[in-house]
Amino acid sequence: MTSTSRLTVAQALVRFLAAQYTERDGIRQRLIGATWGIFGHGNVAGIGQALVEYADDMPYHQGRNEQAMVHAAVGYARQSNRLSTHAVTTSIGPGATNLVTGAALATINHLPVLLLPGDTFATRPADPVLQQLEVPYAGDVSVNDCLRPVSRYFDRITRPEALIPAALQAMRVLTDPVETGAVTLALPQDVQAEAYDWPEEFFAERTWTVRRPGADPTELAQAVRAIRAARRPLLVAGGGVHHSRAEEALAEFAEATRIPVASTQAGKGSLRWDHPQDVGGVGHTGTTTADELARTADLVIGVGTRYTDFTTASHTLFAGDGVRFLNLNIAPFDGNKLAGLPLIADARSGLQELTEALLMHEHRVPPAYVSEYTEDKERWEYRVDAAFEAEDPDIRPTQPQVLGALDELVDESDIVINAAGSLPGDLHKLWRTRSHDQYHLEYGYSCMGYEIPAAIGVRLAAPDRPVWALVGDGTYLMMPTEIVTAVQEGIAIKVLLIQNHGYASIGGLSESVGGERFGTAYRYRSEDGLYTGPPLPVDLAANAASLGMRVLRAKTVRDLRAALAEARAADTPTCVYVETKTADTVSGAPPAQAWWDVPVAETATRSSAVKARELYERHVSTRRRHL
């Protein structure tokens with residue numbers, strides 16, 4: 001006779017989650033490392049009580065904003081190479097809908113996170129309950145259905161016994177390297193508290209093997225032929241290189257073939273910045289070296305990349321006559337993009353197989369090609385030095401000089417986190433990545449407010465490493481709330497807060513497309529009704545301090561260097577606050593090396609928009625379909 005335990009649905013779920021593990025390459029670890037939560041009437045008596053009941057088995061972290069809790073879980077998952085993640089529980093109503101942005105970010109970036117929002121009563125003893133959305137045409141719809149399109153798996157547990165198959169499916173998706181993303185189990189508040197006789201087998205430890213599939217022999221042979229036939233191949237490393245921990249395999253491939261390696265935002269750091277085959281970021285925010293190679297490549301080898309419009313410069317970058325694509329990707333959907341030859345495999349396995357096959361043929365690219373990109377890279381590094389250098393240390397720094405000061409300080413143990421604004425472009429072009437996981441850019445969703453909570457998640461996954469959240473004032477104002485969490489838990493993140501009085505990145509974009517920087521500055525209204533008056537007297541450093549963070553203010557480059565060093569050595573959450581000056585042609589970051597398609601008004605009376613449209617049409621004419 002099967003033994004059972006009588007537990008509530010919430011208790012059974014927490015106990016089940018505590019017994020789930022992943023294993024890859026012989027390394028085993030917990031799948032759900034902890035649960036984040038904010039409690040309300042929709043989860044306090046269910047999941048909340050269960051977390052108290054099993055506090056020794058399931059660590060709990062108190063959050064301040066539901067979206068930020070998802071960001072923290074995603075940061076933890078990325079730092080854990082997608083082998084471990086966190087769960088997030090919320091009440092019904094606004095607590096649940098606040099999850100949507102974080103869920104979209106997780107799914108777009110292929111990063112696992114388990115969402116456990118409370119839901120309205122399954123038994124409907126009283127309709128409507130507090131915070132319930134009434135839908136006249138459907139009684140089974142709640143606000144949690146907003147999470148369906150941004151979840152890789154969604155289920156609503158309306159009966160206790162339904163938890164068993166739903167929980168197992170949720171774990172399957174979380175651990176599938178192709179399918180992973182946000183997984184949502186919506187939990188009606190009455191069902192959470194309902195008891196059921198659960199089979200003990202449900203709580204047995206389960207280990208989910210994270211697969212490393214190899215390549216199909218036919219696809220591998222086609223890939224080898226394509227590489228051997230190419231005279232100017234370029235490899236584009238995407239986030240899949242990191243997810244697979246394929247950095248060493250990539251280095252061996254590059255050293256064996258001498259094929260240059262460019263990187264997307266998610267793939268930067270796949271090779272160290274000073275590796276002979278590393279040519280830097282590619283695309284709209286890429287380096288001159290990588291983008292010129294992309295324009296003349298006859299074969300583009302994409303490894304673990306989705307080929308977003310920033311990477312392809314909105315399909316204007318890869319312009320060589322007869323250019324073809326070879327796509328090594330674990331996901332068939334991405335492996336078949338741009339009419340490329342698919343090589344469907346785990347990034348590490350596929351690269352190892354390619355290297356072995358090419359070594360048999362002693363294949364290398366021509367020496368003249370190696371000399372070309374090596375010399376181009378040297379010229380680019382001079383431009384980086386010029387952007388980082390501050391000849392007068394007693395002046396207010398530009399944003400690149402801020403990055404230069406940080407670059408002087410860090411070593412391979414530091415982790416740098418960013419997501420939105422003007423910083424991603426500067427970092428992609430300029431940052432000199434020293435380790436495979438130093439560069440943490442969330443650019444799939446480019447979500448303002450990600451950096452601070454993600455830094456908390458990363459620090460939880462890497463407690464002995466310096467973790468930097470780089471934020472501009474616009475991003476900071478979106479979501480500074482988890483500073484309180486960092487202070488409460490003693491999580492010693494470092495926040496580098498850069499004040500430039502507005503949305504600098506979108507302001508520059510606005511100007512380039514005829515928008516005249518409208519609505520992008522943090523300034524008072526002027527007499528004409530526009531935001532062109534003096535800067536707002538907002539003291540973000542004081543705000544961070546009011547939330548409990550230690551704050552170091554820096555007015556000059558000299559001050560900044562000292563403050564960064566002090567923050568790096570700190571064992572408490574510390575913020576370095578610096579106001580930047582507008583970059584000039586000497587100290588600013590190099591401009592975009594490739595185009596990005598942001599449609600410009602086709603008709604307008606203002607000259608700025610008319611001129612922008614003329615330039616837009618010239619760029620659009622260079623777009624091509626890769627068929």
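Reading the values: the criteria
- Residues numbered from 1 in each chain as written.
- Predicted model: local features only at pLDDT ≥ 70, side-chain atom pairs only at ≥ 80, totals over all residues.
- Heavy atoms only, no water.
- Patch = residues over 30% accessible without salt bridge, like charges linked within 9 Å, V, L, I, M, F, W, Y side chains within 5 Å.
- Areas by Shrake-Rupley, 256 points an atom, 1.4 Å probe, with all protein chains shown as cover.
- Salt bridge = Lys/Arg side-chain N within 4 Å of Asp/Glu carboxyl O.
- Helix = DSSP H or I, 4+ residues; strand = E, 2+ residues; numbered from the N terminus.
- Pairing = 2+ DSSP bridges.
- Axes fitted to C-alpha atoms, helices over the stretch in contact; angles between N-to-C directions.
- Contact = heavy atoms within 4.5 Å.
- Buried < 20%, exposed > 50% of the residue type's maximum accessible area, 1.4 Å probe, protein only.
- 1 Å grid on protein atoms, 1.4 Å probe; cavity = no way out; pocket = protein on both sides within 12 Å on 5 of 7 lines; lining within 4 Å.
- Points joined across faces, edges and corners; volume = space filled by probe spheres on them.
- Nonpolar A, V, L, I, M, F, W, Y, C, P; charged D, E, K, R; others polar.
- Phe/Tyr/Trp six-rings, centres within 6.5 Å; stacked < 30°, edge-to-face > 60°.
- Lys NZ or Arg CZ within 6 Å of the ring centre and 35° of its normal.
- Core = buried A, V, L, I, M, F, W, Y, C linked by side-chain atoms within 4.5 Å.

A. Highlighting a nonpolar patch on the surface. Together, Phe39, Val44 and Tyr60 make up a nonpolar patch on the protein surface, roughly 240 Å² of accessible area in all. Position of Val44 among the secondary structure elements: in the loop between β4 (32–37) and α2 (47–53).

B. Structural context of the sheet that holds strand β17 (residues 341–344). Reading across from one edge, β14-β13-β12-β15-β16-β17 is the order of the six strands in this open sheet, with parallel pairing throughout. Of all the strands in the sheet, the pair left with one neighbour each is β14 (278–281) and β17. In this sheet, adjacent strand axes meet at a mean angle of 20° when their direction is disregarded. Bridge count between strand β16 (residues 324–329) and β17: four bridges; the pairing is parallel. Residue pairing in the sheet places Asn327 in a bridge with Pro342 of β17. Its contacts with the sheet place helix α8 (residues 217–229) against β15 (299–303), β16 and β17, and it is angled at close to 130° to β17.

C. Quick look at the pattern of salt bridges. Within this structure, the stated rule accounts for 34 salt bridges. Arg159 is the salt-bridge partner of Glu161, the closest N and O atoms lying 3.5 Å from each other. The exposure class assigned to Arg159 is partly exposed, which follows from its relative accessible area of 42%. Taken together, the shared-partner salt bridges in this structure form one network comprising Asp25, Arg212, Asp346 and Arg348.

D. Geometry of the sheet that holds strand β23 (residues 574–579). Within the open sheet, the six strands sit side by side as β19-β18-β20-β21-β23-β22. Their pairing is parallel. Of all the strands in the sheet, just β19 (439–441) and β22 (550–554) have a single pairing partner and so form its edges. Looking at each pair of strands side by side, their axes are set apart by 20° on average, direction ignored. Bridging between strand β18 (residues 415–418) and strand β20 (residues 467–472) involves three bridges; their strand directions are parallel. Residue Ile417 lies in a different strand from β20, and its bridge partner there is Ala469. The sheet strands contacting helix α18 (residues 451–461) are β18, β19, β20 and β21 (494–499), and the helix crosses β20 at an angle near 175°.

E. Broad picture of unusual backbone geometry. At the junction of Asp127 and Pro128, the peptide bond is cis and its omega measures out at -5° in the coordinates. Even without being glycine, Arg517 reaches a positive phi, approximately 60°. With respect to the secondary-structure elements, Arg517 resides in the loop between α21 (504–512) and α22 (540–546).

F. Looking closely at the layout of surface pockets. When its volume is computed, the second largest pocket comes out at roughly 280 Å³. Looking at the second largest pocket, it is lined by 18 residues, and the ones nearest its centre are Thr120, Arg124, Gly139, Asp140 and Val141. Across the lining of the second largest pocket, the residue classes break down as seven nonpolar, five polar and six charged.

G. Layout of the side chain of His501. Mapped onto the secondary structure, His501 falls in the loop between β21 and α21. The class for His501 is buried, based on a relative accessible area of 19%. Setting aside chain neighbours within four positions, we find His501 in contact with Asp473, Ala521, Tyr522, Pro535 and Glu579.

H. Representation of the packing of aromatic side chains in the model. Per the stated rule, a full pass over the model turns up 12 aromatic pairs. Between Phe310 and Tyr443, the aromatic rings sit 5.2 Å apart at their centres with planes inclined by 70°, giving edge-to-face as the arrangement. Residue Phe310 is located in helix α12 (residues 309–312), and its partner Tyr443 is located in the loop between β19 and α18; the two are separated by 133 residues in the primary sequence. You can call Tyr443 partly exposed: its relative accessible area is 23%. Its guanidinium or amino end placed over the ring of Tyr439, Lys268 lies 5.5 Å from that ring's centre, counting from NZ or CZ. Looking at Arg553, its charged tip hangs above the ring of Tyr577, at a distance of 5.7 Å from the centre.

I. Broad picture of the nonpolar core. Ile227, Leu235, Phe253, Ile301 and Leu351 are the most contacted members of the largest nonpolar core, which totals 53 residues. Residues in contact with Leu235, not counting those within four places in the same chain, are Leu250, Phe253, Ile259, Pro260, Val261, Ala262, Ile301, Val303 and Leu351. Val70, Leu115, Ile417 and Tyr476 belong to the second largest nonpolar core, which has 48 residues in total.

J. Summary view of empty space enclosed by the protein. Enumeration over the complete set of coordinates arrives at three cavities of 30 Å³ or more. Every residue lining the largest cavity is counted, 19 residues in all, and those nearest its centre are Lys268, Trp273, Asp278, Gly280 and Glu381. Listing elements by their share of the lining of the largest cavity, those giving two or more residues are β14, α15 (367–388) and α17 (423–430). If one sorts the elements of the lining of the largest cavity by residue count, α15 sits on top with four residues. In terms of residue class, the lining of the largest cavity is built from seven nonpolar, six polar and six charged.

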